[in-house]
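Breakdown of the fold
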Amino acid sequence: MGDMPAPQAAAPSVLHELNAANRRLEKLLVDLRAERNAESELRAVARDVIRAVELNPDIALACIFLNQINGTYAVRHCIETAIVAIIVAHGLRKADSEILTITAAALTMNVGMLRYQNTFHKSSALTSEEMSIVRRHPLESVDLLRDAGVSDEDWIACVLQHHENDDGSGYPVGCSGVEIQQNARLISLADRYCAQVSARNYRSSVLPDTALASILSDEAKFGDHALCTQFAAKLGKFPPGTLVRLQNAEVGVVTQRDGNGAVQVQCLRDAAGKPLRDASGIIQIVRRSDDPECAISEALSEDQADVRFSMKQIWGEQASL
């Protein structure tokens, strides 16, 4: 009797890997003032985030829209920005070394703001002093990174320029045109998008299709039509994790993209509003958005969708906590 084949190990959970990276990143950034050789540790966290995204980009995106990355908003936002930047960078066919630099820069872009993070968790307009802090934070972030041993000038440039605009209206320097690196523009796009779609303590998130339209309406600020086109193509109006209503009135969650503009939706409520469940959990009813009867009618907020599920129920073990 021949040997039985060894059972294959389950693929690691994207959620677990991203949350572990988030915890390591938060500790590193909070203690960065005391570090003198942090570059290698920060690169290691960046590699872990890249690896988690590459395990399953759809699950990684869904983590953002379903609020599955734990920790303080200031650090969580950097992880989410990195996820989006990695996916778009792959679409642009950037080299692995360049994607690592982009990821490291996204993870550290706001380290100069961490000590002020509680100040900005409010819905009222910023004071002139607070606005000065905001406009100065790329410079503070760069100073902290240099003091902590980061010597990669491309990394430093991305952090310094991630709030600059092509027309010179950005900050902290007011760079314009070719002075701004494309990778800084990519991080800027991802940063602004994630700031809209991610919920905060003091406000609800913006729906993904609305956020994308808002970002692209300011395309002139980014000065790179090809980058904006790729950004829109890789995310789409309804990325994985978006809660949606279909033309047939069913409600579900987008689970994956097919690369041609269509998405798959797992339905969670039928047209009458009845939950689609059996004794074991959610019934596997999957629709494709390129079926006219099942095309997406609109994106929904959590309150509008009124559905309860875990990511593991939808995406399996790769989405377990």
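Residues numbered from 1 in each chain as written. Predicted model: local features only at pLDDT ≥ 70, side-chain atom pairs only at ≥ 80, totals over all residues. Heavy atoms only, no water.

The protein chain goes by HD domain-containing protein in an unreviewed UniProt entry, where it is assigned to Pseudoduganella ginsengisoli.

With that settled, the discussion passes to the pairing of strand β1 (residues 243–246). Both faces of the sheet carry side chains from a regular strand, because those side chains alternate between them. Here three bridges tie β1 to strand β2 (residues 251–257), and the two strands are oriented antiparallel to one another. Looking across to β2, one finds that V244 is bridged to G252. Turn length for the β1-β2 hairpin, with the two strands adjacent in sequence and antiparallel, is four residues, and the turn residue A249 shows positive phi of about 80°. Where β1 and strand β7 (residues 296–300) come together, four bridges link them in antiparallel fashion. Opposite V244, over in β7, you have A299 as the bridge partner. (Pairing = 2+ DSSP bridges. Helix = DSSP H or I, 4+ residues; strand = E, 2+ residues; numbered from the N terminus.)

What follows deals with the side chain of H162. With respect to the helices and strands, H162 occurs in the loop between α7 (153–161) and α8 (182–197). With a relative accessible area of 0%, H162 lands in the buried category. At a separation of 2.7 Å, a polar atom in the side chain of H162 contacts the main-chain carbonyl oxygen of V159. Not counting chain neighbours up to four residues away, the residues in contact with H162 comprise M109, N110, H137, P138, A184, I187, S188 and D191. (Buried < 20%, exposed > 50% of the residue type's maximum accessible area, 1.4 Å probe, protein only. Polar contact = N/O pair within 3.5 Å; in protein donor to acceptor, adjacent residues only side chain to side chain. Contact = heavy atoms within 4.5 Å.)

Quick look at the packing of aromatic side chains now. Describing an aromatic ring pair means giving the distance of the ring centres and the angle of the ring planes. The full count for this structure, using the stated rule, is two aromatic pairs. Taking 6.3 Å as the distance between ring centres and 80° as the angle between the ring planes, the aromatic pair formed by F65 and Y193 counts as edge-to-face. Taken together, the positions of F65 in helix α3 (residues 57–65) and Y193 in helix α8 put the pair 128 residues apart, joining distant regions of the chain. Judged on exposure class, the residue F65 and its partner Y193 are both buried. Ring geometry for Y193 and F231: centres 5.7 Å apart, planes at 85°, overall edge-to-face. Here the residue Y193 occupies a position in helix α8, and F231 occupies one in helix α11 (residues 225–235), the gap between them amounting to 38 residues. (Phe/Tyr/Trp six-rings, centres within 6.5 Å; stacked < 30°, edge-to-face > 60°.)

The next thing to look at is the packing of helix α2 (residues 39–55) against helix α4 (residues 73–91). Close contact between α2 and α4 brings their axes to 10 Å; oriented N to C, the two are set at 60°. Taken together, the axes of α2 and α4 lie oblique to each other. Handedness of the α2/α4 crossing: right-handed. Of the residues in α4, those touching α2 at V49, I50, V53 and E54 are I79, A82, I83, I86, I87 and H90. Residue composition of the contact of α2 with α4, by class: eight nonpolar, one polar and one charged. (Axes fitted to C-alpha atoms, helices over the stretch in contact; angles between N-to-C directions. Parallel < 35°, antiparallel > 145°, perpendicular 65-115°, else oblique. Left-handed = near helix turned anticlockwise from the far one by under 90°. Nonpolar A, V, L, I, M, F, W, Y, C, P; charged D, E, K, R; others polar.)

Split by domain assignment, the protein chain resolves into domain 1 (14–117 + 127–235) and domain 2 (242–319). On a C-alpha basis, the centres of domain 1 and domain 2 stand 29 Å from each other. Contact with domain 1, which involves 20 residues of that partner, is made by 13 residues of domain 2. Between domain 1 and domain 2, the buried area comes to about 1300 Å², and carbon and sulfur atoms account for 60% of it. Here D58 makes a salt bridge to R257, at a shortest N to O gap of 2.8 Å. When contributions to the side of domain 1 that touches domain 2 are tallied by element, the ones reaching two or more residues are α1 (14–30), α3, α9 (208–216) and α11. Of all the elements, α3 adds the most residues to the side of domain 1 that touches domain 2, at seven residues. Considering only residue class, the side of domain 1 that touches domain 2 consists of 14 nonpolar, three polar and three charged. (Domains from an automatic or database assignment. Buried area = accessible area lost by both parts, 1.4 Å probe. Salt bridge = Lys/Arg side-chain N within 4 Å of Asp/Glu carboxyl O.)

With that settled, consider α11. Where α11 is concerned, the buried positions are L227, C228, Q230, F231 and L235. Along the long axis of α11, the arc covered by the buried residues comes to 165°, so they all point the same way. In α11, the exposed positions that point more than 90 degrees away from the buried face belong to H225, A226 and A233. Contacts from the buried residues of α11 go to α3, α4, α8, α9, α10 (219–222) and β2. Put simply, D224 is the residue that caps the front of α11, since its side-chain oxygen is 3.3 Å from the backbone nitrogen of A226. Positive phi appears at G236, one or two residues downstream of α11, with a value of about 75°. (Arc of directions from axis to C-beta.)

The subject of this paragraph is the sheet that holds β7. For sheets, the rule is that strands pair by backbone hydrogen bonds, running either parallel or antiparallel. The five strands lie next to each other as β6-β3-β2-β1-β7, forming an open sheet whose pairing is antiparallel. Looking at which strands have only one partner, the edges of the open sheet turn out to be β6 (286–288) and β7. Recorded for the sheet is a direction-independent mean angle of 40° between the axes of neighbouring strands.

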